[in-house]
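# Working through the structure, step by step
Spelled out from the first residue to the last, the chains are:
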Amino acid sequence: MTTTAPVVAFDQVSKAYGEVRAVDGLTLTLHPGETVALLGPNGAGKSTTLDLLLGLKAADNGSVGLFGATPREAIVGGRVGAMLQTGGLMDEVTVAELVRLACDLHPRPYRVSEVLARAGVAQIADRKVNKLSGGQAQRVRFALATAGDSDLIVLDEPTTGMDVTTRQAFWATMREQADQGRTVLFATHYLEEADAVADRVLVLHRGRLLADGTAAEIKAKAGARRVSFDLEGTIDETPLRELPFLTTIDVSGQTVRIQSSDADATVHALYGLGLYPRNLEVAGLGLEQAFVAITAAEEAKQS
């Protein structure tokens, strides 16, 4: 599992579709054993980035390298396993037949029974692929992505359609893969998954890398904290909306929830209004709130 070259290396990569720059000067490097979440709003360039990484599309400018080689060379060598949103599964074959085919094609295959068990599809091995539910089809795609001993596993929205129990089992398996030295790169809209699973988070916005760090570093980058409290009686929102460093406010019944770029100053000013907040809580932003704050700030700069 050792390698002298980075697992993934993007160097000033750009890709445009007409007037739209899906990827714009993207530079990033991934290393062995990392579990990396790729986040971004719709249209951020996540799918195009994965397509470029897998050699499904060619960059207009810059270079994409996998293990010091081209994407095609790395994939032909069996170093990459991929689970994509797009593309259907073969109809009129059983799950076991499809997984067996994937194992036969991989240069370093696992046993079919092992792949079926790891993906949690052994019990439906004899079922036709076109008779599967959405969650079952996702697990079969995962089986195909892990049919052999690959060094990089690429997952595009992997847990869509899975129930909570299946998701937990899926991510436990992914952690095992990373613990064995493999690199796991996944794009997701479930930000709680990225917060819980990834040891590195990449935030894309309009094809550019907006943030790169641990989930804790991304949260800190947002520069805001959450403040919540209860007030008695009728709440007048007008003075609350004038609190210093306020970024957002939500009033629901007797409960006020705000975000502030300087929580200490905001709370000090709150008491200065002569108000007596009950159940006062100050906490850092979750990854989802931080993601929204970072992308919103970038949108404001570009508008």
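One can find the structure itself at the top, above this paragraph.
Described in the following lines is the structure provided in the data block. Only a predicted model underlies this, so the values are computations on that prediction, with no experimental measurement involved. Note that residues are indexed from 1 along each chain, following the sequence as it is written. The predicted nature of this model means local features are confined to residues of pLDDT at least 70 and side-chain atom pairs, given and counted, to a pLDDT of 80 or more, with totals for whole chains, interfaces and linings taken over all residues. With hydrogens and water excluded, all non-hydrogen atoms of the structure serve as input to the side-chain values.

The secondary structure content of the protein amounts to 11 helices and 13 strands. Here the C-alpha coordinates of the protein stretch approximately 75 × 45 × 35 Å along the principal axes. In the protein, which comprises 303 residues, the share counted as buried stands at 48%. Only heavy atoms matter for contacts: two residues are in contact if any of them lie within 4.5 Å across the pair. A separation of at least 24 residues holds for 68% of the contacts in the protein among residues at least 6 apart in sequence. Note that accessible areas follow from Shrake-Rupley with a 1.4 Å probe, and for residues the cover is restricted to the protein chains shown. Just so you have it, the protein exposes about 14700 Å², and 49% of that area is on carbon and sulfur atoms. Placing the 29 positive and 38 negative side-chain charges of the protein at their respective mean positions leaves the two points 5 Å apart. The helix and strand labels rest on DSSP assignments: H or I over at least four residues marks a helix, E over at least two residues marks a strand, and numbering proceeds from the N terminus. Exposure classes here rest on a 1.4 Å probe applied to the protein chains alone. A residue is buried below 20% of its type maximum, exposed above 50%, and partly exposed in between. Working convention for charge: Lys and Arg count positive, Asp and Glu count negative, and His plus the chain ends are omitted. Charge placement uses NZ in Lys and CZ in Arg. For Asp and Glu, CG and CD serve respectively.

A positive phi is found at Gln12, a non-glycine position, where the angle reads about 50 degrees. Summarising the element assignment, Gln12 is placed in strand β1 (residues 8-17).

We now examine a nonpolar patch on the surface. Distance thresholds for patches are 9 Å for like charges and 5 Å for nonpolar side chains (Val, Leu, Ile, Met, Phe, Trp, Tyr), applied to residues having over 30% relative accessible area and no salt bridge. When a carboxyl oxygen of Asp or Glu is within 4 Å of a side-chain nitrogen of Lys or Arg, the pair counts as a salt bridge. On the surface, a cluster of nonpolar side chains totalling about 310 Å² of accessible area is made up of Met90, Leu101 and Leu105. Considering the arrangement of structural elements, one finds Leu105 in helix α3 (residues 95-105).

By definition here, a helix of n residues has an expected span of 1.5 Å times n minus one. Helix length check: helix α6 (residues 164-179) (16 residues) gives 23 Å between terminal C-alpha atoms against 22 Å at 1.5 Å per residue, within 8%. Of all the residues in α6, the buried ones are Thr166, Arg167, Phe170, Trp171, Thr173, Met174, Gln177 and Ala178. One face of α6 carries all of its buried residues, which in axial projection span an arc of 155 degrees. Residues of α6 that are exposed and point over 90 degrees away from its buried face: Val164, Thr165, Gln168 and Asp179. Here a polar contact is recorded for every N or O atom pair within 3.5 Å, except that within protein the pair must consist of a potential hydrogen donor and a potential acceptor, and residues adjacent in sequence are included only if both atoms are side-chain atoms. The opening residue of α6 is Asp163, an N-cap whose side-chain oxygen sits 3.3 Å from the backbone nitrogen of Thr165. Looking one or two places after α6, you find Gly181, whose phi comes out positive at around 100 degrees. Taken from the helix axis, the directions to the C-beta atoms give the arc we talk about.

When DSSP finds two or more bridges between a pair of strands, those strands are recorded as paired. Pairing is antiparallel in the open sheet, where three strands are placed in the order β2-β1-β4. Two strands in the sheet have a free side with no partner beyond their single neighbour: β2 (20-30) and β4 (61-66). In this sheet, adjacent strand axes meet at a mean angle of 25 degrees when their direction is disregarded. Packing against the sheet, helix α1 (residues 46-53) makes contact with β1, β2 and β4, and its axis sits at approximately 120 degrees to β1. Structural elements are reduced to axes, namely lines fitted to C-alpha atoms, with helices fitted over the stretch in contact, and the angle between N-to-C directions of any two is expressed from 0 to 180 degrees.

On to the packing of aromatic side chains. In this scheme Phe, Tyr and Trp rings, the latter by its six-membered ring, pair at centre separations within 6.5 Å, and the angle between planes marks the pair as stacked below 30 degrees, edge-to-face above 60, and tilted otherwise. Tallied over the entire structure, the rule returns three aromatic pairs. Ring centres 4.6 Å apart and planes at 55 degrees place the aromatic pair Trp171 and Phe186 in the tilted group. Remark: Phe186 occurs in strand β7 (residues 183-187) and Trp171 occurs in helix α6; sequence separation between them is 15 residues. By relative accessible area, which is 4% here, Trp171 ends up buried. An aromatic cluster of three or more residues is present, and its members are Phe142, Phe170, Trp171 and Phe186. Should the NZ of a Lys or the CZ of an Arg lie within 6 Å of a ring centre and within 35 degrees of the ring normal, that charge is described as sitting over the ring. Sitting over the face of the ring of Phe67, Arg79 holds its NZ or CZ atom 3.9 Å from the ring centroid. In this structure, Arg118 packs its charged tip against the face of Tyr110, placed 4.7 Å from the ring centre.

Two orientations exist for strands paired in a sheet by backbone hydrogen bonds: parallel and antiparallel. An order of β11-β12-β10-β13 is seen for the four strands of this open sheet, with the pairing classed as antiparallel. Each having just a single partner strand, β11 (246-252) and β13 (278-284) make up the two edges of the open sheet. Direction aside, the axes of adjacent strands within the sheet are offset by 15 degrees on average. Relative to strand β12 (residues 255-260), strand β10 (residues 225-230) runs antiparallel, the two being bridged by six bridges. Paired with Arg225 across the bridge in β12 is Ser260.

Where α3 meets helix α5 (residues 134-145), the axes come as close as 9 Å, and the angle between the chain directions of the two elements is 25 degrees. On the basis of the axis angle, α3 is roughly parallel to α5. In the packing of α3 onto α5, the handedness of the crossing is right-handed. On α5, the residues touching Val95, Leu98, Val99 and Ala102 of α3 are Val140, Ala143 and Leu144. Polarity classes work like this: nonpolar for Ala, Val, Leu, Ile, Met, Phe, Trp, Tyr, Cys and Pro, charged for Asp, Glu, Lys and Arg, and polar for all others, with Gly in that last group. Per-class residue counts for the contact of α3 with α5 are seven nonpolar, no polar and no charged. Here is the rule for angles: anything less than 35 degrees is roughly parallel, anything more than 145 is roughly antiparallel, 65 through 115 is roughly perpendicular, and the remaining ranges are oblique. For any pair of crossing helices, the crossing counts as left-handed if the nearer helix is rotated counterclockwise from the farther one by less than a right angle, and right-handed if it is rotated clockwise.

What follows concerns the environment of Ala22. Note that Ala22 resides in strand β2. Looking at Ala22, the relative accessible area reads 9%, which means it is buried. The spacing of Ala22 and Val256 is 234 residues in sequence and 39 Å in space, taken between C-alpha atoms. Dropping the residues within four chain positions of it, Ala22 is found in contact with Lys15, Ala16, Tyr17, Ala44, Gly45, Thr48, Arg206 and Gly207.

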